[in-house]
Amino acid sequence: MPADDPVLRAVRESLRSLSLPQDGCLIAAVSGGVDSMVMAHALYTAGVRLIVAHVDHGLRGIDSDADAELVRTFAGALGAPLECIDIGAALAAGSNEGS
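Residues numbered from 1 in each chain as written. Predicted model: local features only at pLDDT ≥ 70, side-chain atom pairs only at ≥ 80, totals over all residues. Heavy atoms only, no water.

Some remarks on the pairing of strand β3 (residues 82–86)
Every other side chain in a regular strand lies on the same face of the sheet, so the side chains alternate between the two faces.
Part 1 of the reasoning: The pairing of strand β2 (residues 49–56) with β3 spans five bridges and is parallel. Looking across to β3, one finds that V55 is bridged to I85.
Part 2 of the reasoning: Taken together, β2, helix α3 (residues 62–78) and β3 constitute a β-α-β crossover, and its handedness is right-handed. (Pairing = 2+ DSSP bridges. Helix = DSSP H or I, 4+ residues; strand = E, 2+ residues; numbered from the N terminus. Right-handed = clockwise from strand over helix to strand, strands pointing away.)

Digging into the layout of surface pockets
Part 1 of the reasoning: Roughly 320 Å³ of volume is contained in the largest pocket.
Part 2 of the reasoning: If you trace the largest pocket, you find 14 residues lining it, with L15, L20, P21, Q22 and V48 closest to the centre.
Part 3 of the reasoning: Secondary structure elements with two or more residues in the lining of the largest pocket: α1 (6–18) and β1 (25–29).
Part 4 of the reasoning: Residue contributions to the lining of the largest pocket peak at three residues, all from α1.
Part 5 of the reasoning: A class-by-class count of the residues in the lining of the largest pocket yields seven nonpolar, three polar and four charged. (1 Å grid on protein atoms, 1.4 Å probe; cavity = no way out; pocket = protein on both sides within 12 Å on 5 of 7 lines; lining within 4 Å. Points joined across faces, edges and corners; volume = space filled by probe spheres on them. Nonpolar A, V, L, I, M, F, W, Y, C, P; charged D, E, K, R; others polar.)

Examining the side chain of S36
Part 1 of the reasoning: Looking at where S36 falls in the secondary structure, it is placed in helix α2 (residues 34–45).
Part 2 of the reasoning: In this structure S36 comes out as buried when scored by relative accessible area, which is 11%.
Part 3 of the reasoning: A polar contact of 3.4 Å, which involves the side chain of S36, links it to the backbone oxygen of G33.
Part 4 of the reasoning: Residues in contact with S36, not counting those within four places in the same chain, are A29, V30 and S31. (Buried < 20%, exposed > 50% of the residue type's maximum accessible area, 1.4 Å probe, protein only. Polar contact = N/O pair within 3.5 Å; in protein donor to acceptor, adjacent residues only side chain to side chain. Contact = heavy atoms within 4.5 Å.)

Examining the pairing of β2
Part 1 of the reasoning: Where β1 and β2 come together, five bridges link them in parallel fashion. Of the residues in β2, the one forming a bridge with A28 is V52.
Part 2 of the reasoning: In this region the chain leaves β1, passes through α2 and returns to the parallel neighbour β2; the handedness of that crossover is right-handed.

Some remarks on the sheet that holds β3
Part 1 of the reasoning: The sheet built from three strands is open, its strands ordered β1-β2-β3 with parallel pairing. Each edge of the sheet is formed by a strand with only one pairing partner; in this case those strands are β1 and β3. Averaged over all pairs of adjacent strands, the angle between their axes in this sheet comes to 20°, without regard to strand direction. (Axes fitted to C-alpha atoms, helices over the stretch in contact; angles between N-to-C directions.)

With respect to a nonpolar patch on the surface
Part 1 of the reasoning: Together, M1, V7, V34 and V38 make up an exposed nonpolar region whose accessible area comes to about 320 Å².
Part 2 of the reasoning: Looking at where M1 falls in the secondary structure, it is placed in the segment before α1. (Patch = residues over 30% accessible without salt bridge, like charges linked within 9 Å, V, L, I, M, F, W, Y side chains within 5 Å. Areas by Shrake-Rupley, 256 points an atom, 1.4 Å probe, with all protein chains shown as cover. Salt bridge = Lys/Arg side-chain N within 4 Å of Asp/Glu carboxyl O.)

Structure below.
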């Protein structure tokens, strides 16, 4: 992303207005869609330490799995820690507890 990119410029201005601690980090909720991927990439490019978070609801079968894998790969490429929660698996496990 070029330094004069309008998205990056807007992210930097927003970050300045938040007065975040110099050594702090942000948790970026990333779905795997274009919007959240661009947001996380812009934050990373702006120099923000990120934790990438993804919630896999498991509602779209293999498409949900593909989103989770895309986010894993993306976080790895940024060198950002990843917190991925598989709600679908948790719900399935919970519904089988009484069986």
